[in-house]
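Now for the letters of each chain:
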Amino acid sequence: MKKIGILGSTGSVGSQCLDLITDYRNKFDIEFITANSNADKIIDQARKFNPKYVCILDEKKYEYLKKSLPNTEVIIGEDAMNELCKNKNIDIILNSVSGYKGLSLSYQILNSGIDLALANKESIVQAGNILIDLSKQNNCNIFPVDSEHSALWQCLIGEDISNVKKIILTASGGPFRKLKKDDFKNITKENALKHPNWTMGSKITIDSATMMNKGFEVIEAYWLFGIEYKNIDIVVHPQSIIHSMIEYIDGSIKAQLSEPSMRIPIQFALTYPDRFKVEDEKFNFFKNDKLTFEKPDFDKFPCLKLAYDAGSKGGTYTTVLNVANDIAVDLFLKDKIHFMEISEVIESCLDSHDSISNPELEDIYTTMEWTKNKILKEN
Ligand code: MN3
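What you see is a predicted model; the values in this text were computed from it and never measured.

Student: Break down a negative patch on the surface for me, with residues and values.
Tutor: On the surface, a cluster of negative charge is made up of Glu341, Glu344, Glu347 and Asp351. Mapped onto the fold, Glu341 is located in helix 14 (residues 341–351). The partly exposed category is assigned to Glu341, whose relative accessible area is 32%.

Student: Outline the packing of aromatic side chains, supporting the account with residue identities and numerical values.
Tutor: Inspection of the entire model under this criterion finds 16 aromatic pairs. Judged by centre distance (5.8 Å) and plane angle (70 degrees), the rings of Phe184 and Phe301 are edge-to-face. Of this pair, Phe184 sits in the loop between strand 8 (164–171) and helix 8 (189–192) while Phe301 sits in the loop between helix 11 (263–271) and helix 12 (302–313); the two residues are 117 residues apart in sequence, bridging distant segments of the chain. The same class applies to Phe184 and to Phe301, which are both buried. Aromatic pair Phe268 and Tyr272: ring centres 5.7 Å apart, planes at 75 degrees, arrangement edge-to-face. For Phe268, a relative accessible area of 4% translates into the label buried.

Student: Could you give an account of the pattern of salt bridges, with specific residues and numbers?
Tutor: Counted by the stated rule, this structure contains 23 salt bridges. Among the salt bridges present, the one from Glu83 reaches Lys86, with a minimum N-O distance of 3.1 Å. A salt bridge links Lys166 to Asp233, with the nearest nitrogen and oxygen atoms 3.2 Å apart. Highlighted residues: Lys166 in strand 8 and Asp233 in strand 9 (residues 232–236), separated in sequence by 67 residues. Taking relative accessible area as the criterion, Asp233 reaches 26% and is therefore assigned partly exposed. Among the charged side chains, a network of salt bridges with common partners joins Lys121, Asp146, Glu148, Lys214 and Glu217.

Student: Can you break down the sheet that holds strand 3 (residues 53–56) residue by residue, with the values?
Tutor: Read across the sheet, seven strands follow the order 4-3-2-1-5-6-7 without closing on themselves; strand pairing throughout is parallel. Edge positions in the open sheet fall to strand 4 (73–76) and strand 7 (142–144), since each of these has one partner strand only. Taking the axes of each pair of neighbouring strands and ignoring which way they run, one obtains an average angle of 20 degrees across the sheet. Bridging between strand 1 (residues 2–7) and strand 5 (residues 92–95) involves four bridges; their strand directions are parallel. Among the inter-strand pairings, Gly5 is bridged to a residue of strand 5, identified as Ile93. The sheet strands contacting helix 1 (residues 12–22) are strand 1, strand 2 (28–35) and strand 5, and the helix crosses strand 1 at an angle near 155 degrees.

Student: Before we move on, could you go through the coordination of the manganese ion and cite the residues and values that matter?
Tutor: Protein ligation of the manganese ion involves Asp146 (OD), Glu148 (OE) and Glu217 (OE), the donor distances falling in the range 2.1 to 2.2 Å. Motif for the manganese ion, donor spacing along one chain: D-x1-E-x68-E.

Student: Lay out the sheet that holds strand 8 in plain terms, naming residues and giving numbers.
Tutor: Pairing in this open sheet of four strands is mixed, and the strands run 9-8-10-11 from one edge to the other. Because the sheet does not close on itself, it has two edges, and the strands there are strand 9 and strand 11 (253–257). Pairs of neighbouring strands in the sheet enclose a mean axial angle of 20 degrees, with direction left out of account.

Calculation notes
Each chain has its residues counted from 1, following the order in which its sequence is written. pLDDT decides what is reported in this predicted model: residues at 70 or higher carry local features, side-chain atom pairs at 80 or more are listed and counted, and totals for whole chains, interfaces and linings draw on all residues regardless. Side-chain descriptors were evaluated using all non-hydrogen atoms of the structure, hydrogens and water having been removed beforehand. The patches reported here contain residues having more than 30% relative accessible area and no salt bridge. Joining distances are 9 Å for like charges and 5 Å for nonpolar side chains (Val, Leu, Ile, Met, Phe, Trp, Tyr). A 1.4 Å probe and the Shrake-Rupley method give the accessible areas. Residues count as covered only by the protein chains that appear here. A side-chain nitrogen of Lys or Arg and a carboxyl oxygen of Asp or Glu constitute a salt bridge if their distance falls within 4 Å. We score Asp and Glu as negative and Lys and Arg as positive, and we do not count His or the chain ends. Think of each charge as sitting on NZ of Lys, CZ of Arg, CG of Asp or CD of Glu. Numbering of helices and strands runs from the N terminus; a helix is a DSSP stretch of H or I covering at least four residues, while a strand is a stretch of E covering at least two. Buried, partly exposed and exposed residues are distinguished by accessible area as a fraction of the type maximum, computed with a 1.4 Å probe on protein chains only: under 20%, between the cut-offs, and over 50%, respectively. Side-chain rings of Phe, Tyr and Trp, where Trp is taken by its six-membered ring, are said to pair if the distance between their centres is within 6.5 Å; with planes under 30 degrees apart they count as stacked, over 60 as edge-to-face, and otherwise as tilted. What makes two strands pair is DSSP finding at least two bridges between them. Whenever a helix is involved, its axis is fitted only over the stretch in contact; in every case the axis is a line through C-alpha atoms, and angles between N-to-C directions fall within 0 to 180 degrees. Contacts are assigned to residue pairs with any non-hydrogen atoms lying within 4.5 Å of each other. Donor criterion used throughout: N, O or S atom within 2.8 Å of the metal, extended to 3.2 Å for Na, K and Ca. Water excluded; incomplete-looking sites may result.

This is the structure we're talking about:
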């Protein structure tokens, strides 16, 4: 039995993780589940899966939760959530909270020497050096749940990293791949929230529309696999069947393919080095007889360049990139700024930032505060 904890169990990745555990109840023991504020959903989940702890951030929901789950330990707040990540009896914790708040949890998990199944890519974008160092010091793993990085990981098994020439990240291109640049000014929130291939939370859906999501994934790949930015390429592949590729020094390219479903990357992070059977729709070559590829358009999607630049410059630039994006997306979702202003807000923060090289956790938090204050003052 693997003991697992799920941070953000009511979100898209968290719920899918519980779904797959339904098929393997004899393999996993759920220690805790946590949510931001969705009390009804976490109550349903707790009744079905019987975790030892249920934690919710929203304090107003405490009484309701307590009453609904008399036989479960109900706890509230951020500190309690952090406390859960210190339990060394747990084998692996899935961090699938959304946005920059995931960092303190990822930190706590690795600091306690627990394996981290990472769906919150923001934490590695914000503090890659710190998380990677921690995992080495404490001899624990960061297993990617992002489908591209899971693909890269799967392509690298049994290979020597020094034989890698290139990482090729695939991108769906998002909903505005074919839209002319002149028409970007007419983009509405509703258009941006419609992703062609994946159903996800609203924050990551907007990140896909601006392609900042891919920019973050470039930075995530840099930290997870230690490959220089100049050797990380993006190829737009609208069908989302090839989830990413590795090119080796001999010219051989390995790819991982499947229908676009998060089930495989979530499950592989939990079962590695094993593979468990899934009764799911299998890839059909004859229904998918056209796999196409395009160059990414850096002109239409300025967030891509911002991400490469911030990543290459290093230090706290990627912290600014991430937090500025988080807040800009939130402002966009609240109809306070236009779609095209998302990248402008981020760029202006990056331009006026004094980066700290080799940042400590304190520097990261200071930078987060600085970025937040700057944007909220100006918007
Ligand atoms: Mn992805």
